[in-house]
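The chain contents come next:
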Amino acid sequence: MLSVLLSLSVSRLGLWAAGLILVLGLLKLIRLLLRRQMLARAMDSFPGPPTHWLFGHAQEIQQTGSLDKVVSWAHQFPYAHPLWLGQFLGFLNIYEPDYAKAVYSRGDPKAADLYDFFLQWIGKGLLVLQGPKWYEHRKLLTPGFHYDVLKPYVAVFTNSTHTMLDQWEEKAREDKSFDIFCDVGHMALDSLMKCTFGKGDSGLDHRDSSYHSAVRDLTLLMQERIDSFQYHNDFVYWLTPHGHRFLRACQAAHDHTDHVIRGRKAALKDEKEWEKIQSRRHLDFLDILLGARDENGIKLSDEDLRAEVDTFMFEGHDTTTSGICWFLYCMALYPEHQHRCREEVCEILGDRDSFQWYTASSASLSALWMAAPYLQVFDPLRFSPENVATRHPFAFMPFSAGPRNCIGQQFAMNEMKVVTALCLLRFEFALDPLRPPIKMPQLVLRSKNGIHLHLKSLRPDSGKQLC
């Protein structure tokens, strides 16, 4: 009798549980449908490519290559058009500068539909925060990007770049093309660690290299998740092999971040190190975070601290790597511009063999870099003073715009200008016709098969003239 009653109780409990799951599932579906209806109504005013009843535009993008397909739609719909990845994740792709101005001037938070995918990786840092907490963190971090803080970083960029270029001298002697992406990525990470996380001059170790690999995997997995509507639901995604790979890569990245934070905390316990920091006029990024207090005098939580470090590690490493690599590819693609840009660098440097702060701040070097990777035709004159003066301010936004623009844009621009200029002074770059890069979006612009270039040394002993 007892066993029968127990069996009935278990059965009832199972029915209640099944009923609860069904109700929660229906509520989730209703919420998705209502949001889908709201998005569809908002984008109905904009003409766009036809959609599949289930996949939206996802299937067409995966079949033809997302970058080429979206570019073709941009020509077909030059102002804006909807883009649906599945039935519940919708975007409005904007190409008209006045439209962009209307959006970016508002300072709205990032769209949760998409940026929630990042939370497992970078947490709730400045990139995804909103409201008073975003304002508080922005205010706390801004001193880390002060002019005087960035000034000595030029020497760090120079030293890290020369280390990479010395390695390229050896590769260039083999007279074969090679993929520059990995080398540039390690150089950018080395600079980042030295400039902002107190690593000193010890260079990268095995843990740093593992982080570089983890970020590469994370950007690929994240892009694949965005493009594949079946992965949009968290519950489903974490059960898939793809989701398991993403979590493993997140853990590898977090292990690196935690190691950096623990190391810096330990260093700050040393009295001499603390005195050295106190004597500085401005603090580095991580030191600002470790000493930050909110309006009530409360320190950042460990969760907030890791989120800000993870955010800056990704944005300060992966994005600059992509920009530098595509610039050098453009140099190889347009030899006449390569020669002109090299002459410009020589003119700025004169008879000096190293960069000074004013060099990194010069408008001419800004034009040298900004002309590069995200435009279909490379033209440095597009950024001449007269052309910039007549261009809509929202026509080109490499670091976003408005109140939520990139806080580290000056850091990134200085690094990319110094690195690319030094590369031009040391080498001539030429394409490998057998290995043209296959452009693909992977959070940043990447190449599916790497960026393979031929390098010829311009050092005096190579028989070529430098400056």
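Residues numbered from 1 in each chain as written. Predicted model: local features only at pLDDT ≥ 70, side-chain atom pairs only at ≥ 80, totals over all residues. Heavy atoms only, no water.

### Section: the pattern of salt bridges
- In the structure shown here, the tally under the stated rule is 16 salt bridges.
- Ionic pairing is found between Lys-69 and Glu-60, a salt bridge with its closest N-O pair at 3.3 Å.
- Exposure remark for Glu-60: the relative accessible area of 30% places this residue in the partly exposed category.
- Asp-166 is the partner of Arg-426 in a salt bridge, and the nearest nitrogen-oxygen pair spans 2.8 Å. Remark: Asp-166 occurs in helix 9 (residues 153-173) and Arg-426 occurs in helix 22 (residues 409-426); sequence separation between them is 260 residues.
- Of the residues examined, Arg-426 reaches a relative accessible area of 7% and is grouped as buried.
- Taking the relative accessible area as the measure of exposure, Asp-166 reaches 38% and is therefore partly exposed.
- Via salt bridges that share partners, Asp-166, Glu-169, Arg-426 and Arg-459 belong to a single interconnected network. (Salt bridge = Lys/Arg side-chain N within 4 Å of Asp/Glu carboxyl O. Buried < 20%, exposed > 50% of the residue type's maximum accessible area, 1.4 Å probe, protein only. Helix = DSSP H or I, 4+ residues; strand = E, 2+ residues; numbered from the N terminus.)

### Here's the deal with the confidence of the model for the protein chain
- Averaged over the protein chain, the pLDDT score is 84; the fraction of residues at 70 or greater is 87%.
- Confidence, expressed as mean pLDDT per element, reaches its minimum in the protein chain at helix 19 (residues 357-361) with 45 and its maximum at strand 3 (residues 178-179) with 97.
- Ignoring residues within four places in sequence, the model shows residues 357-364, a span with pLDDT below 50, making 17 contacts including any to other chains. (pLDDT = per-residue confidence, 0-100. Contact = heavy atoms within 4.5 Å.)

### Observations concerning the environment of Arg-264
- By the element assignment, Arg-264 lies in helix 13 (residues 241-268).
- Distance in space between the C-alpha atoms of Arg-264 and Asp-287 is 8.0 Å, their sequence separation being 23 residues.
- A distance of 2.9 Å separates a polar atom in the side chain of Arg-264 from a polar atom in the side chain of Asp-287. (Polar contact = N/O pair within 3.5 Å; in protein donor to acceptor, adjacent residues only side chain to side chain.)

### Regarding the nonpolar core
- Grouped together as the largest cluster of nonpolar side chains are 101 residues, with contacts concentrated most on Trp-121, Trp-168, Phe-197 and Phe-429.
- Among the elements that line this core, the one with the most residues is helix 22, at eleven residues. (Core = buried A, V, L, I, M, F, W, Y, C linked by side-chain atoms within 4.5 Å.)

### Considering the packing of helix 18 (residues 335-349) against helix 22
- The contact between helix 18 and helix 22 brings their axes to 9 Å, and the two run at 105°. By the angle class used here, helix 18 and helix 22 are roughly perpendicular. When helix 18 is examined against helix 22, the residues Gln-338, Cys-341, Arg-342, Val-345, Cys-346 and Leu-349 are found in contact with a partner set consisting of Ala-421, Leu-424 and Leu-425.
- Classifying every residue of the contact of helix 18 with helix 22 gives seven nonpolar, one polar and one charged. (Axes fitted to C-alpha atoms, helices over the stretch in contact; angles between N-to-C directions. Parallel < 35°, antiparallel > 145°, perpendicular 65-115°, else oblique. Nonpolar A, V, L, I, M, F, W, Y, C, P; charged D, E, K, R; others polar.)

### Some thoughts on the sheet that holds strand 7 (residues 452-457)
- Spatial strand order, 3-7-4: three strands in an open sheet with antiparallel pairing. Two strands bound the open sheet, and with one partner strand each, they are strand 3 and strand 4 (427-431).
- By the bridge criterion, five bridges tie strand 4 to strand 7 in an arrangement that is antiparallel. What sits directly across from Leu-431, in strand 7, is Leu-453.
- Strands in contact with helix 17 (residues 318-333) are strand 4 and strand 7; relative to strand 4, the strand with the most contacts, it is inclined by about 80°. (Pairing = 2+ DSSP bridges.)

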